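Reading the structure
These are the residues of each chain, in order.
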Amino acid sequence: MTATLALDYAAVFVFALTGALVASRAQLDIVGFVFMACLTAVGGGTMRDVILKRAVFWVEEPTYIFVASLAAVLVFFTAHVLESRLKAIFWLDAVALSVAVPAGVAAAVDQGASWPIVLIMGITTGCLGGLMRDVVCNEVPLVLKQGELYVTCALAGAVAAVLTLTAAGPLPLALLLCGAVTFALRAGGLAFQWRLPVYKSQPPRS
Amino acid sequence: MTATLALDYAAVFVFALTGALVASRAQLDIVGFVFMACLTAVGGGTMRDVILKRAVFWVEEPTYIFVASLAAVLVFFTAHVLESRLKAIFWLDAVALSVAVPAGVAAAVDQGASWPIVLIMGITTGCLGGLMRDVVCNEVPLVLKQGELYVTCALAGAVAAVLTLTAAGPLPLALLLCGAVTFALRAGGLAFQWRLPVYKSQPPRS
Amino acid sequence: MTATLALDYAAVFVFALTGALVASRAQLDIVGFVFMACLTAVGGGTMRDVILKRAVFWVEEPTYIFVASLAAVLVFFTAHVLESRLKAIFWLDAVALSVAVPAGVAAAVDQGASWPIVLIMGITTGCLGGLMRDVVCNEVPLVLKQGELYVTCALAGAVAAVLTLTAAGPLPLALLLCGAVTFALRAGGLAFQWRLPVYKSQPPRS
């Protein structure tokens, strides 16, 4: 199992957990849990593959869908033990992000893409599944929450990978650094409210 | 005209009706009706074709667009005779779903896809056009309405088709059963409030 | 630089400005500005390329992403000088629409597409980026605002191009007319409230 494969499976499982948790907040039935889990889990990677003209990863290997469905079933029967589902969503999502960004980077590198495309595919794979989850369920997109450090983490992680590769570092190291930087920043954002300055020269207008 | 083709046309027409009815609820002009009708009618099938790397069906055969536009014009001039547009949307959508799911199944079988992909393509073709319609028009997605039997119907129909094919049944029978199961479940959901148990161990949290 | 290329760059820059202005209304940080700018700027053209099975334009030529990011940075540091950001969004969006519609038409003609597909690709390229921007940021989609002349302008512009080509007119003239018609209608809509009659036979129902 290559690094890309392992990362893809892990990202799919953890994102599926967050999708199912959002489904539990919306009080859907079990098929709704599976639907949301799959959408969240494979949404970003599907966009990546479609844009890069690769075969869509879960069409090639439907096991991903079983993994995501399993996560949904797990959550359906255990979500009530969580004290705060919203907090669980945030932290699981941080883990998934830190796995999905290197997965996207690996796929783009595998295609021989140039570095700007590597950056974008890291961000796409990491952020679009969660964006679809939130848009479909009418939650405020985590990606765009005011002053939330999110896309920034994905970008920083992807930059770390590109810099490592440019310095002739090996791919596994690049992916590891990518995930570590992404998680460190996101965790800092969640735990210590790390922020970039937001645009606030005026009150928003209607 | 193959079975796939006939199903595609029928699904496009009926989904276009529902898209136009949602446009009438949003009080759009006639071009808005056509836009919403086309988005709803071809959205799911477009996703299916893009993911399966097939030529997009309405690019190959633009007649689909005319069919959807015709449905939009029809609704623009006649929607006021309906007593309840919301009820009409639900029931027309049920018919469209029962036609689109077999259309998606047929396309995936035609590609020689494995059974999990056949199931997913049935659900994708059936559910994503309506999901786009509702997300764009800011309606609560029918697909995800709390306790509404929707994705479940598509899944059950696709399972019926896969079981028939596995038992060496002919494709037309499989597609017929698929549509029948989908419609029966969805109609039962609408008429008798058939439901799966929803996740409700705790009140939803903010 | 071909006509298609020049139009694509111009459309990307101006749509990116509108995406960044929406980001400023949502008070995002600078990475959020870049994210929204890129989504708005390349969303419509990406859909066009995926549906037409072309290589996605910004994967081939990542300069587009730099152009969009530059627009985002520009807006981040200067948006506060605008007296009304909403008005600026409307007018910039009108310019971008008038450039993106011919860009979509040119790409479809370049593929040898039939005229219905040329029309749809003009509308797709012109309208879907802005639609994604508004859906993601929870603004009422400009495309579908009640009684707003929007998709209609794109359609009229694309029709003008198709008629010119049918009359054996040269492509550059067709693209010029396409942009001019689109802008004239949209500007008339913004300045003089030009409208098509909307569907309003009954009050909207819940």
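The structure presented is a predicted model; accordingly, all values stated were derived computationally and were not measured.

1. Regarding the overall build of chain A
If you tally the helices and strands in chain A, you get eight helices and zero strands. Going from the N terminus to the C terminus, chain A shows its helices and strands as α-α-α-α-α-α-α-α. Along the first, second and third principal axes, the C-alpha atoms of chain A reach 50 × 50 × 30 Å. For chain A, the proportion of its 206 residues judged to be buried stands at 61%.

2. A closer look at the UniProt feature "transmembrane region" (unreviewed entry) in chain A
Per the UniProt entry, the sites bearing "transmembrane region" (unreviewed entry) are residues 6-23, 30-51, 63-82, 89-109, 115-136, 148-167 and 173-192 of chain A in this numbering. With 100% helix and 0% strand, residues 30-51 of chain A has its two end C-alpha atoms placed 31 Å apart.

3. Section: the relation of the copies chain A and chain B
By a simple turn and slide, chain A fits onto chain B: the slide is 0.0 Å along the axis, the RMSD is 0.0 Å, and the turn is 120°. Taken together, the rotation and translation relating the two chain copies correspond to the operation of a three-fold axis. Each copy contacts the other with its own distinct surface, as only 9% of the interface residues of chain A are interface residues in chain B too.

4. Notes on the interface of chain A and chain B
Taken together, the 35 residues of chain A in the interface contact 35 residues of chain B. Summing both sides of the interface, chain A and chain B together bury roughly 2,800 Å²; the carbon and sulfur share of this comes to 67%. Interface area lost by chain A to chain B is led by A:Gln27, A:Asp29 and A:Phe35, which between them contribute 24%. At the boundary of chain A with chain B, the tally comes to zero salt bridges. Taken together, the connections running from chain A to chain B amount to one residue pair in polar contact (both at pLDDT 80 or more). Only helix 1 (3-25), helix 2 (30-51), helix 3 (57-60), helix 4 (63-78), helix 5 (85-110) and helix 6 (115-136) of chain A provide two or more residues apiece to the side of chain A that touches chain B. If one sorts the elements of the side of chain A that touches chain B by residue count, helix 2 of chain A sits on top with eight residues. When its residues are assigned to classes, the side of chain A that touches chain B shows 23 nonpolar, five polar and seven charged.

5. Concerning the interface of chain B and chain C
Of the residues lining the interface, 35 residues belong to chain B; the matching set on chain C comes to 34 residues. For the side of chain B that touches chain C, the elements supplying multiple residues, two or more each, are helix 1 (3-25), helix 2 (30-51), helix 3 (57-60), helix 4 (63-78), helix 5 (85-110) and helix 6 (115-136) of chain B. Looking at the side of chain B that touches chain C element by element, the count peaks at eight residues for helix 2 of chain B. The class makeup of the residues in the side of chain B that touches chain C is 23 nonpolar, five polar and seven charged.

6. Some words on the packing of helix 6 (residues 115-136) of chain C against helix 7 (residues 151-166) of chain C
Residue and element names in this part refer to chain C. Orientation of helix 6 relative to helix 7, taken along the N-to-C sense of each, is 140°, at an axis distance of 9 Å. One element, helix 6, and the other, helix 7, form an angle in the oblique class. The hand of the helix 6/helix 7 crossing is right-handed. In this structure, helix 6 contributes Trp-115, Val-118, Leu-119, Ile-123 and Cys-127 to the contact, and helix 7 contributes Val-151, Ala-154, Leu-155, Ala-158, Val-159 and Val-162.

7. A short note on the state of the cysteines
Disulfide: a covalent bond formed between the sulfur atoms of two cysteine residues. Here the structure, examined in full by the defined rule, presents zero disulfides over all chains. Of the cysteine sulfurs around B:Cys127, a residue in no disulfide, the closest is that of B:Cys153, at 8.5 Å. The exposure class assigned to B:Cys127 is buried, which follows from its relative accessible area of 0%. Between C:Cys137, a cysteine without a disulfide, and C:Cys38, which holds the nearest cysteine sulfur, the sulfur-to-sulfur distance is 13 Å.

8. Examining the nonpolar core
If you look at the biggest cluster of nonpolar residues, it comprises 235 residues, and the most contacted ones within it are A:Trp58, B:Trp58 and C:Trp58. Setting aside residues up to four positions removed in sequence, B:Trp58 forms contacts with B:Val42, B:Thr46, B:Tyr64, B:Ile65, C:Ile51, C:Ile117, C:Ile120 and C:Met121.

9. With respect to the UniProt feature "domain: Glycine transporter" (unreviewed entry) in chain A
Residue and element names in this part refer to chain A. Summarizing the sequence annotation, UniProt attributes the feature "domain: Glycine transporter" (unreviewed entry) to residues 6-79 and 91-164 in the numbering used throughout. Secondary structure content for residues 6-79 is 84% helix and 0% strand, while the C-alpha to C-alpha distance between its ends is 26 Å. Between the C-alpha atoms that bound residues 91-164 there is a distance of 27 Å. The span itself is 76% helix and 0% strand.

Rules used throughout
Residues numbered from 1 in each chain as written. Chains lettered and ligands numbered in written order. Predicted model: local features only at pLDDT ≥ 70, side-chain atom pairs only at ≥ 80, totals over all residues. Heavy atoms only, no water. Helix = DSSP H or I, 4+ residues; strand = E, 2+ residues; numbered from the N terminus. Buried < 20%, exposed > 50% of the residue type's maximum accessible area, 1.4 Å probe, protein only. UniProt positions renumbered as here; feature names shortened; annotations may be inferred. Least-squares fit on C-alpha atoms with pLDDT ≥ 70 in both. Contact = heavy atoms within 4.5 Å. Buried area = accessible area lost by both parts, 1.4 Å probe. Salt bridge = Lys/Arg side-chain N within 4 Å of Asp/Glu carboxyl O. Polar contact = N/O pair within 3.5 Å; in protein donor to acceptor, adjacent residues only side chain to side chain. Nonpolar A, V, L, I, M, F, W, Y, C, P; charged D, E, K, R; others polar. Axes fitted to C-alpha atoms, helices over the stretch in contact; angles between N-to-C directions. Parallel < 35°, antiparallel > 145°, perpendicular 65-115°, else oblique. Left-handed = near helix turned anticlockwise from the far one by under 90°. Disulfide = S-S within 2.5 Å. Core = buried A, V, L, I, M, F, W, Y, C linked by side-chain atoms within 4.5 Å.

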